[in-house]
Amino acid sequence: MKSGNQIRRNILPRARGRMTAASAVLALLVLSALPSNAQAIGNGYEDTRPKALQKVGFDQRLNQQLPLDLKFRDEMGRDVRLGQYFGKRPVILAMVYYQCPMLCTLVLNGLTTALTVVRFNAGREFDVVAISFDPKETPVMAAAKKRTYLNRYNRPGTEDGWHFLTGDQGSVDAITQATGFRYAWDPELKQFAHASAIMLITPEGKISKYFYGIEYGPNDLRLGLVEASKNKIGNAVDQVLLYCYHYDPATGKYGAIALRIMRLAAGATVLVLGMFVFVMVKRDHESGSGGRAAVS
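Quick notes on the rules
Residues numbered from 1 in each chain as written. Predicted model: local features only at pLDDT ≥ 70, side-chain atom pairs only at ≥ 80, totals over all residues. Heavy atoms only, no water. Core = buried A, V, L, I, M, F, W, Y, C linked by side-chain atoms within 4.5 Å. Buried < 20%, exposed > 50% of the residue type's maximum accessible area, 1.4 Å probe, protein only. Contact = heavy atoms within 4.5 Å. Axes fitted to C-alpha atoms, helices over the stretch in contact; angles between N-to-C directions. Helix = DSSP H or I, 4+ residues; strand = E, 2+ residues; numbered from the N terminus. Parallel < 35°, antiparallel > 145°, perpendicular 65-115°, else oblique. Left-handed = near helix turned anticlockwise from the far one by under 90°. Pairing = 2+ DSSP bridges. Salt bridge = Lys/Arg side-chain N within 4 Å of Asp/Glu carboxyl O. Polar contact = N/O pair within 3.5 Å; in protein donor to acceptor, adjacent residues only side chain to side chain.

Q: What is the right way to read the nonpolar core from this model?
A: Grouped burial of nonpolar side chains is what soluble globular proteins tend to show. Judged by nonpolar contacts, the single largest core of 55 residues is most densely connected at L66, I92, L115, I131 and I198. Apart from the residues lying within four places of it in its own chain, the contact partners of I198 are I92, L93, A94, V107, L111, K209, Y210, F211, Y216 and L221.

Structure below.
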């Protein structure tokens with residue numbers, strides 16, 4: 001009879017592989033459900049997304065030099081220059097807004113979760129810089145976010161490696177233009193429509209790589225940091241975009257786009273779990289049949 005450790009050694013690697021496959025399936029489903037504007041027009045199809053979403057996305061600007069002289073305010077309310085976070089080590093840059101009802105929190109959660117696995121320490125081998133693209137947000141909001149993610153990261157002595165910035169419209173426009181980050185404000189919903197990604201920036205302040213979505217592989221992130229630290233520029237990658245839009249906090253309901261994403265995620269999860277259970281039951285049945293045959 002197999003011990004618990006033997007079962008875990010045999011089953012867990014397969015389970016991880018199947019969950020990786022589930023992530024890939026989900027990514028493809030989201031991609032097919034939400035084609036990019038250029039893709040839709042290029043294929044001759046009408047872009048049926050809401051008008052706000054037709055304006056958002058990322059234009060990959062690899063090797064683009066960021067304007068390091070831009071002025072922001074840090075979480076303490078102090079005036080800072082973007083360039084003061086560069087020069088020594090690579091930077092993970094996240095364009096978010098702190099009062100986002102959905103996706104920005106998931107981006108920061110996914111990033112922090114991945115970084116807890118990576119052996120590198122913020123403030124030593126890399127820095128994290130989050131910039132709010134909402135000029136109305138304040139250092140108080142930024143400070144609250146920093147406390148949340150320092151607690152989540154839970155590595156003492158790394159607080160100097162996390163930076164949450166706010167700025168005026170001019171600085172926001174300049175950094176979003178440089179990074180290729182396109183977003184839109186919906187005056188009726190009073191929310192921003194935007195996509196999710198993080199960027200790796202070299203110590204010199206040039207864009208090295210884009211990571212899309214809300215989950216980032218720790219090994220990929222570590223390798224990206226190593227390459228960015230050496231001022232290497234990655235290749236353009238396919239965009240699998242998740243959009244933040246049409247969430248009404250007053251009613252607690254999601255609009256059609258976000259709801260479609262969640263339904264696809266739920267369906268993919270159920271499908272993969274069902275396949276996993278089926279394979280395991282079949283495997284156990286075959287093992288039992290083989291054992292009985294050997295005994296007889």
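Q: Is there a simple way to think about the packing of helix 4 (residues 103-117) against helix 5 (residues 139-153) in this case?
A: Between two packed helices, both the angle of their axes relative to each other and the distance between the axes serve to describe the pair. The geometry of helix 4 relative to helix 5 is characterised by a closest axis approach of 9 Å and an angle of 30° between their N-to-C directions. On the basis of the axis angle, helix 4 is roughly parallel to helix 5. As for the relative orientation of helix 4 and helix 5, their crossing is right-handed in sense. Within the contact between the two elements, helix 4 uses T105, L108, N109, T112, T113, L115 and T116 and helix 5 uses K145, Y149, R152 and Y153.

Q: For this particular structure, what's the right way to read the sheet that holds strand 4 (residues 91-96)?
A: Spatially, five strands are ordered 6-5-4-10-11 in an open sheet, and the strand pairing comes out mixed. Strand pairing shows two members of the sheet lacking a second neighbour, strand 6 (162-165) and strand 11 (207-212), which therefore form its edges. Across the sheet, the mean angle from the axis of one strand to that of its neighbour is 20°, orientation sign disregarded. Alignment of strand 5 (residues 127-132) against strand 6, held across four bridges, turns out to be parallel. Looking at strand 6, one finds that I131 is bridged to L165. The sheet contacts of helix 4 involve strand 4, strand 5, strand 6 and strand 10 (197-201), and relative to strand 4 the element is tilted by about 160°.

Q: Sorry, what's going on with the pattern of salt bridges here?
A: Pairing is possible between side chains of opposite charge, provided their charged atoms come close. A full pass over the atoms with the stated rule returns five salt bridges. One salt bridge in this structure joins D59 and R61, with 3.9 Å as the shortest N-O distance. Residue D59 is classed as partly exposed on the basis of its relative accessible area of 28%. We classify R61 as partly exposed; its relative accessible area is 26%. A salt bridge links R89 to D127; its shortest N-O distance comes to 2.6 Å. In this pair, R89 is assigned in the loop between strand 3 (79-81) and strand 4 and D127 in strand 5, connecting sequence segments 38 residues apart. Connected through salt bridges with shared partners, the residues D59, R61 and R182 form a single ionic network.

Q: Would you explain the side chain of D74 in this entry?
A: If you trace the backbone, D74 turns up in the loop between strand 2 (71-73) and strand 3. The buried category is assigned to D74, whose relative accessible area is 3%. There is a polar contact of 2.9 Å between the side chain of D74 and the backbone nitrogen of M76. With residues up to four places along the chain from it excluded, the contact list for D74 reads V80, Y85, P139, F164 and L165.

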